[in-house]
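Inside the fold
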2 protein chains.
Amino acid sequence: MVDIKRLSTTQPDFWDSLDALTSWGSHPGASIEQRVAEVVEGVRTGGDAALLDYTRRFDGREADSVAALEIPTEQVVAAHEQIAPEMREALEQAAARIRDYAQRQRLESWEYQDADGNRLGQQVTALDRVGVYVPGGKAAYPSSVLMNAVPARVAGVQEIIMTVPAPGGELSPLVLAAAHVAGVDRIFTLGGAQAVAALAYGTETVPAVDKIVGPGNAYVAEAKRRVYGVVGIDMIAGPSEVLVISDGQADPEWIAMDLFSQAEHDEEAQALLVCPDFVFLDQVQAAMERLLPDMERSEIIRTSLAERGALICVRDLEEAQQVANYVAPEHLELSVAEPDRLAEGIRHAGAIFLGHYSAESLGDYCAGPNHTLPTSRTARFASPLGVYDFQKRSTTLACSPAGAAALAGTAAVMARGEGLTAHARSAEYRGQGEERSGD
Amino acid sequence: MVDIKRLSTTQPDFWDSLDALTSWGSHPGASIEQRVAEVVEGVRTGGDAALLDYTRRFDGREADSVAALEIPTEQVVAAHEQIAPEMREALEQAAARIRDYAQRQRLESWEYQDADGNRLGQQVTALDRVGVYVPGGKAAYPSSVLMNAVPARVAGVQEIIMTVPAPGGELSPLVLAAAHVAGVDRIFTLGGAQAVAALAYGTETVPAVDKIVGPGNAYVAEAKRRVYGVVGIDMIAGPSEVLVISDGQADPEWIAMDLFSQAEHDEEAQALLVCPDFVFLDQVQAAMERLLPDMERSEIIRTSLAERGALICVRDLEEAQQVANYVAPEHLELSVAEPDRLAEGIRHAGAIFLGHYSAESLGDYCAGPNHTLPTSRTARFASPLGVYDFQKRSTTLACSPAGAAALAGTAAVMARGEGLTAHARSAEYRGQGEERSGD
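Because the structure is a prediction, the values reported are computed rather than measured.

Residues and elements named next belong to chain A. In this structure's numbering, the residues bearing the UniProt feature "active site" (unreviewed entry) are Glu 330 and His 331. By the element assignment, Glu 330 lies in the loop between helix H12 (317-327) and strand E12 (331-335). Excluding anything up to four places from it in sequence, Glu 330 contacts Pro 239, Ser 240, Glu 241, Gln 262, Gly 350, Ala 351, His 371, Leu 373, Pro 374 and Thr 375. A polar side-chain atom of Glu 330 sits 2.8 Å from the main-chain amide nitrogen of Glu 241.

Let's shift gears to the interface of chain A and chain B. Across the contact, 135 residues belong to chain A and 134 residues belong to chain B. Approximately 11800 Å² of surface area, both sides summed, lies buried where chain A meets chain B, with 55% of it carried by carbon and sulfur atoms. Across the contact surface, chain A and chain B share 12 salt bridges. At the boundary of chain A with chain B, the tally comes to 78 residue pairs in polar contact (both at pLDDT 80 or more). With 10 residues, helix H15 (residues 401-417) of chain A is the single largest residue contributor to the side of chain A that touches chain B. Per-class residue counts for the side of chain A that touches chain B are 63 nonpolar, 39 polar and 33 charged.

All right, on to the packing of aromatic side chains then. Evaluated as defined, the whole model comprises 15 aromatic pairs over all chains. Relative to Tyr228(B), the ring of Tyr228(A) lies with its centre 4.7 Å away and its plane at 10°, an arrangement referred to as stacked. Residue Tyr228(A) is located in the loop between helix H8 (218-227) and strand E8 (232-233), and its partner Tyr228(B) is located in the loop between helix H8 (218-227) and strand E8 (232-233); the two belong to separate chains. Each member of the pair, Tyr228(A) together with Tyr228(B), is buried. Among the aromatic residues, those joined into a cluster by ring pairs are Phe14(A), Trp15(A) and Tyr326(A). Its guanidinium or amino end placed over the ring of Tyr326(A), Arg377(A) lies 4.4 Å from that ring's centre, counting from NZ or CZ. In this structure, Arg44(B) packs its charged tip against the face of Tyr201(B), placed 5.9 Å from the ring centre.

Moving on to the packing of helix H4 (residues 85-103) of chain B against helix H6 (residues 173-182) of chain B. Residue and element names in this part refer to chain B. Axis separation between H4 and H6 bottoms out at 10 Å; the angle between their running directions is 40°. On the basis of their axis angle, the class for H4 and H6 is oblique. Like other packed secondary-structure pairs, H4 and H6 cross with a definite hand, here right-handed. Counted together, Met 87, Leu 91, Glu 92, Ala 95 and Arg 99 of H4 and Leu 174, Ala 177, Ala 178 and Val 181 of H6 form the full contact between these two elements. Considering only residue class, the contact of H4 with H6 consists of seven nonpolar, no polar and two charged.

Looking now at the UniProt feature "binding site: Zn(2+)" (unreviewed entry) in chain A. In the numbering used here, UniProt assigns the "binding site: Zn(2+)" (unreviewed entry) feature to Gln262(A), His265(A), Asp364(A) and His423(A). These annotated residues cover 162 residues of sequence, and their C-alpha atoms reach 55.9 Å apart at the extremes, leaving them scattered rather than at a single site. Residues in contact with His265(A), not counting those within four places in the same chain, are Tyr141(A), Ser240(A), Arg297(A), Ile300(A), Leu420(B) and His423(B). In this structure, His423(A) sits in helix H16 (residues 421-432). Overall, His423(A) belongs to the buried group, its relative accessible area being 1%.

Below, the discussion takes up the sheet that holds strand E7 (residues 211-213) of chain A. Residues and elements named next belong to chain A. If you trace the five strands from one edge of the open sheet to the other, you get E6-E5-E4-E7-E8, paired in parallel fashion. Of all strands in the sheet, those with a lone pairing partner are strand E6 (186-188) and E8, marking the two edges. In the sheet, strand E4 (residues 129-133) pairs with strand E5 (residues 159-163) via five bridges, with the strands oriented parallel. By the bridge assignment for E5, Val 132 is matched with Met 162. Across the sheet, helix H7 (residues 192-201) touches E4, E5 and E7, and the angle it forms with E4 is around 175°.

On to the sheet that holds strand E6 (residues 186-188) of chain B. Residues and elements named next belong to chain B. Read across the sheet, five strands follow the order E6-E5-E4-E7-E8 without closing on themselves; strand pairing throughout is parallel. A strand with exactly one partner marks an edge of an open sheet, and here the two such strands are E6 and E8. Along the sheet, helix H5 (residues 142-155) makes contact with strand E4 (129-133), strand E5 (159-163) and strand E7 (211-213), crossing E5 at roughly 165°. Packing against the sheet, H8 makes contact with E4, E7 and E8, and its axis sits at approximately 160° to E7.

All names here are of chain B. Locating Cys 275 in the fold gives a position in strand E10 (residues 270-275). On a C-alpha basis, the gap between Cys 275 and Ala 320 in space is 7.0 Å, while along the polypeptide they are 45 residues apart. Those residues within four positions of Cys 275 in sequence are excluded, and the remaining contacts are Ser 246, Asp 247, Gly 248, Phe 280, Leu 281, Ile 312, Cys 313 and Val 314.

The next thing to look at is empty space enclosed by the protein. In total, this model carries eight cavities of 30 Å³ or more according to the counting rule given. Here the largest cavity defines a volume of roughly 970 Å³. For the largest cavity, the lining is made up of 40 residues, of which Lys211(A), Asp389(A), Lys211(B), Ile233(B) and Asp389(B) are closest to its centre. Every element with two or more residues in the lining of the largest cavity is listed here: E8 and strand E14 (391-398) of chain A together with E8 and strand E14 (391-398) of chain B. It is E14(A) that contributes the most residues to the lining of the largest cavity, three residues altogether. The residue makeup of the lining of the largest cavity, split by class, is 21 nonpolar, 10 polar and nine charged.

Attention shifts here to the domain arrangement of chain A. Domain parsing of chain A yields domain 1 (5-26 + 238-367), domain 2 (30-106 + 128-233) and domain 3 (399-436). The centre of domain 1 of chain A, based on its C-alpha atoms, is set 58 Å off from the matching centre of domain 3 of chain A.

Here is what the cut-offs are and how they apply
- Residues numbered from 1 in each chain as written.
- Chains lettered and ligands numbered in written order.
- Predicted model: local features only at pLDDT ≥ 70, side-chain atom pairs only at ≥ 80, totals over all residues.
- Heavy atoms only, no water.
- UniProt positions renumbered as here; feature names shortened; annotations may be inferred.
- Helix = DSSP H or I, 4+ residues; strand = E, 2+ residues; numbered from the N terminus.
- Contact = heavy atoms within 4.5 Å.
- Polar contact = N/O pair within 3.5 Å; in protein donor to acceptor, adjacent residues only side chain to side chain.
- Buried area = accessible area lost by both parts, 1.4 Å probe.
- Salt bridge = Lys/Arg side-chain N within 4 Å of Asp/Glu carboxyl O.
- Nonpolar A, V, L, I, M, F, W, Y, C, P; charged D, E, K, R; others polar.
- Phe/Tyr/Trp six-rings, centres within 6.5 Å; stacked < 30°, edge-to-face > 60°.
- Buried < 20%, exposed > 50% of the residue type's maximum accessible area, 1.4 Å probe, protein only.
- Lys NZ or Arg CZ within 6 Å of the ring centre and 35° of its normal.
- Axes fitted to C-alpha atoms, helices over the stretch in contact; angles between N-to-C directions.
- Parallel < 35°, antiparallel > 145°, perpendicular 65-115°, else oblique.
- Left-handed = near helix turned anticlockwise from the far one by under 90°.
- Pairing = 2+ DSSP bridges.
- 1 Å grid on protein atoms, 1.4 Å probe; cavity = no way out; pocket = protein on both sides within 12 Å on 5 of 7 lines; lining within 4 Å.
- Points joined across faces, edges and corners; volume = space filled by probe spheres on them.
- Domains from an automatic or database assignment.

Structure representation (structure tokens):
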């Protein structure tokens, strides 16, 4: 049988077991921290020359200049023309749906007036320039390009710079085609911590951006953490996860395949099935057994399920909801007859898939919602990537003379309470000062 | 005369000078990083015992237990009753206005249906538990308590835990009163990196929170950076800044006092005045000279202006706007006759104060918009603290059988393009599978 943990909420140590299973250290260890700190500092101070040096050492690529690592537009257009027509169409359909969903997330400016005639508001603007990091080599995912670049474009970002490593010169035409569809402006074949540092600080050739988004390995993640504050970042992503709540009424093969589709990402991916019907759990395990040999990535799936997967038996769907809220999963499938009712009690999840027909993989590619989601319990406080990540707000305050007078007393009392008398005086000038103003 | 730099955009090295003046390193240096790493790890593994040890060493406070460091509710209520009535009233008025503004920022859930009958949406939920860090001692700011806790309450956060150091037992009754007004649930007299670590990981006594907000010194900032990912954080704040754009039509004393109110925060605070009228710049400098001796914090103001302040002469207001967009100031005063027109071209600023009557200090305390704002050019990508920082989104997707069929083909093509065949199969089951479902 497929090796996967079996847990039950009736066990006295259930919550401890769940905690141990779902824990994921967020720190990469001192060795990676140290190496990333050196690379980031190297690029910050050494610019293009350092970037070329690291690219030679880590990606095995020789180049005379960073300019030579930029992909010419013609090559991007050519990649788009040369990929299979059904792939081109799929990319365009996916991009259209992602764009449609993203447009509904746009933040808008607003303003209101208080009783004293002061106007208060929030002015929304787009980021100027954004960097999209795309992993290279085997894990080259065109869907990631769309999910990261399309919302930036919808937000109104002026320039999108993409970096993708091309170790040994290898570069996915699908990734280039997706960049073309998403409207990426410039692409540099750079990767690792050095690419992140170049985007954060800028070099002679790579323009500094205002925010860096996109997935990457432990070095990329640590580099993003390191430059956080110099630029914005999307998140520090851990392994991908799904938690499926099933009422036991779906085809067990559907559920088995949903768990596989999570587990096939990599050995550290996590697939959890929560169900009150233990017979159904057995049926899903049997279905896995039948289906696994046909899977191209069966070894990865096998390891992932054995190391990090679990079949969890609960007393009822309410308890399943508690488990989900504790795990705060990146992906949550509610494979139940009344998913909307169950969803109402979900407090923490990156993406919620409602009902038997809403497979995670539909959302991963083309349904519209973003697939860049908070992992490792960070859905307790973080949101999916969205248009709002490429916009920011400024508060606005326009005081009328009468309105300023109404506020000045309160401000002055509080300022004096904090020992900040210049604050108090500044407020009082406006409170008493109509005849003093040059208006 | 008051010592303050004078810059002009007509100088060939103007932008370099501006860059040098406004740069602020975001990294605290290896020594602080190392010490904070030790404290955070100490509290993570040592819990209450470590917390007591650090509190003894860093705050000079002996306590038998962490429970003894929690402020009883009665003490909080008593502080609220004992402060001066006008202060109590000011706190309540400020809280009411902050609450009113915050309510307009609430994110709401939404859903729509596509042409194939799929429902797509965004479900908004509040964070469960939030930690508010409040600095202690001299820089005890009740206004910060309101600005951090009130939006959390408006968002629907279930529990707000505040930490405030009480070095040598000293604790501001105003801070306690503000906590009462804002609806803080529990208060621990803890500070520094150890307080941040306790909130992030939890100890036997201090509950783990989902997000930590609030200002602090370099150790607190580095600790927040370090636990980012385990919990959410608001931002890594640098010194406070104001940039005033003046058309030269205000009373020079008003502008001088606005610059003072920034400079009095601390020696590293930054006050910049940008104006096309160099005679007015002289008048403001003369006003500073007259007003400075009366200021209680005149030495801090003098140092701040000399080290980090500037009077900047520009060709016209359009150029002033360019300067502001480059600096991306935390606070931006548009002390001009037509501030709305000028604001339209502002792309980056934390808070915008429109017109001669909108002094920053009114916004700092009680106008309504939050005073926790992005500093050090981070307004290029970050927003003021708001209700939205205490809410998060989950995407939702409910596929109809027909809708799933419409998406399955696209998803499968893309999944195969990425070599993820379980994803493809999972999508295809839904595309063909009405008779296979248990629905």
